[in-house]
Amino acid sequence: MDRPPTQLEATMQNDNKTTYTANGSSGAAAQPCGTPIRASHTASDGNLDEAGAVPSNTAPANCTDDINTQILRVGIDSLYISYPGDLSAESAIRLEALKRLAQSKEAQCSKLAQIPIGDHLFEVADRGRSVYKYILRDHWYSMQVSGPYTDQIPLAYVQLASEALTFEGPESVETDLREVVSSLGLISGGARVSRVDLCVDFTTATDIESIPEKSWVTRARTFNRYSVQRRFSGITIGLGGDISARLYDKTLELEKSHKDYFREIWRDLGWDGEKKVWRLEFQLKRECLKQLNIRTFEALMGHLGAIWEYASSDWLRLTCPDPSDNTQSRWPLHPLWAALQKADWGTEQHCQRQHTPTGRPPSDKSIFVNGLSGLTSFMAREGLTDAYEGAPAFFRAAAAYHAGKEHYTGLSFEDYVEEKVQLKAKRYNSMQNPPPDGTLHPADEALAKEYRRRSNGE
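Residues numbered from 1 in each chain as written. Predicted model: local features only at pLDDT ≥ 70, side-chain atom pairs only at ≥ 80, totals over all residues. Heavy atoms only, no water.

Peer 1: Give a description of the sheet that holds strand β13 (residues 243-249) that names residues and reports values.
Peer 2: The sheet built from 11 strands is open, its strands ordered β3-β4-β5-β6-β7-β1-β9-β14-β13-β12-β11 with antiparallel pairing. Two strands bound the open sheet, and with one partner strand each, they are β3 (114-117) and β11 (223-228). The sheet shows a mean angle of 20° between the axes of neighbouring strands, taken without regard to direction. In the sheet, strand β1 (residues 69-83) pairs with strand β9 (residues 192-204) via 12 bridges, with the strands oriented antiparallel. Looking at β9, one finds that T69 is bridged to T204. Relative to strand β5 (residues 134-137), helix α2 (residues 89-103) is tilted by about 80°, and along the sheet it contacts β3, β4 (120-124), β5 and β6 (141-145). (Pairing = 2+ DSSP bridges. Helix = DSSP H or I, 4+ residues; strand = E, 2+ residues; numbered from the N terminus. Axes fitted to C-alpha atoms, helices over the stretch in contact; angles between N-to-C directions. Contact = heavy atoms within 4.5 Å.)

Peer 1: How would you summarise the pairing of β1 if you had to cite specific residues and measurements?
Peer 2: Of all the 15 residues making up β1, 14 are buried; the element is thus mostly covered by neighbouring parts of the structure. As judged from the five bridges shared by β1 and strand β7 (residues 156-160), these two strands associate in the antiparallel manner. Residue pairing for β7: L79 is matched across the bridge by L160. (Buried < 20%, exposed > 50% of the residue type's maximum accessible area, 1.4 Å probe, protein only.)

Peer 1: So what's going on with the pattern of salt bridges? Residues and values would help.
Peer 2: Under the criterion given, the structure shown has 20 salt bridges. One salt bridge in this structure joins R127 and D126, with 3.4 Å as the shortest N-O distance. The exposure class assigned to R127 is exposed, which follows from its relative accessible area of 54%. When the shortest N-O distance is used, the salt bridge between E281 and R279 registers 3.9 Å. For E281, a relative accessible area of 4% translates into the label buried. By relative accessible area, which is 0% here, R279 ends up buried. Here the salt bridges share partners, and the residues they tie into one network are R73, D77, D201, R246, R279 and E281. (Salt bridge = Lys/Arg side-chain N within 4 Å of Asp/Glu carboxyl O.)

What follows is the structure in structure tokens.
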């Protein structure tokens with residue numbers, strides 16, 4: 001190796017581990033994460049300061065001008081972790097009963113497929129996924145849970161939501177998640193990382209669209225450009241491999257995702273509200289993380305800066321191609337990339353805000369724009385234009401309609417509305433639905449039945 005070791009390499013060498021191993025993979029879906037690309041630049045810690053960055057109105061991608069790049073934030077955008085352990089017998093009985101309720105075609109049964117754990121109210125899905133028997137969901141977690149007596153797979157495999165990671169911070173979210181999982185069974189080890197997406201949001205005067213493909217030095221075998229309604233939206237490199245990169249117009253992406261809270265975050269961090277915000281994101285999957293000796297959540301959080309350095313210095317670099325030199329490792333680093341390599345991962349990875357809700361309610365737009373479709377259709381049919389006149393008329397007509405159907409459906413207008421509300425409350429994680437008056441919840445009944453069976457020695 002003819003360059004100084006990175007922080008991550010030094011740590012691995014101190015542990016007497018193999019620094020990187022060649023992958024020897026083939027095909028576009030298996031991108032090497034092993035042997036590092038020799039880089040002429042090694043990233044350092046600390047934010048990009050004003051030194052050496054001369055503001056300009058336009059900065060072409062030909063490396064002849066300095067650029068004005070502002071890093072707004074760094075963070076973990078996506079995280080998948082698992083916990084080794086065993087599902088408790090009680091949890092297995094309860095989850096199996098809730099899963100059967102979710103499979104029921106009767107709303108009175110399916111609405112009860114919920115399980116409260118701590119501050120969370122999870123919806124229980126009607127089926128599992130792959131080797132996992134149960135799926136629990138709310139706004140923070142999409143959790144796959146194994147069945148009992150399954151030593152070969154983790155107790156739980158969980159995707160952590162981007163919004164919770166952004167506002168609460170990964171350490172806080174993982175602490176909460178551990179408590180949730182431990183309520184389902186016995187955890188026998190630390191959280192293990194299966195995938196992480198590290199991201200940096202920034203503004204720049206560089207014309208990213210004009211950067212030629214040959215400027216990107218990487219071992220990845222795939223390179224794709226994207227546009228939305230003929231507007232350049234970004235690129236992906238190594239998509240589908242053990243490590244991949246995305247560089248995309250985040251402000252454009254927000255028009256589809258409606259995650260407008262990012263605009264507030266960026267403003268708090270110095271965004272002027274006008275410039276286009278780009279996101280550079282590296283996705284590392286389990287095999288790549290394992291080669292980098294990152295297996296646990298604790299190891300991940302201790303080496304975020306080193307992982308970023310590996311991804312942005314060894315695996316991928318943006319360069320200024322030198323036509324007189326065929327050796328890409330000697331090509332000078334693009335000023336934009338030099339700025340991005342300096343992203344500071346030593347700061348706390350969360351943004352201050354009120355507690356992130358665990359429910360999944362629809363947006364105000366969905367309710368107050370799309371949700372008015374039935375009312376406005378009724379008013380147009382009846383020749384009404386005054387909303388305060390049309391709304392009561394709409395409800396009177398709806399009540400009359402359902403009263404005429406009650407003989408067939410068995411539901412009055414009030415019962416019909418209550419049933420629909422409860423089904424949506426389950427989906428939104430907003431309210432726990434009670435069983436019919438005077439009856440035991442089917443999951444509690446299943447537990448009681450099992451207790452009686454064991455008491456009788458069966």
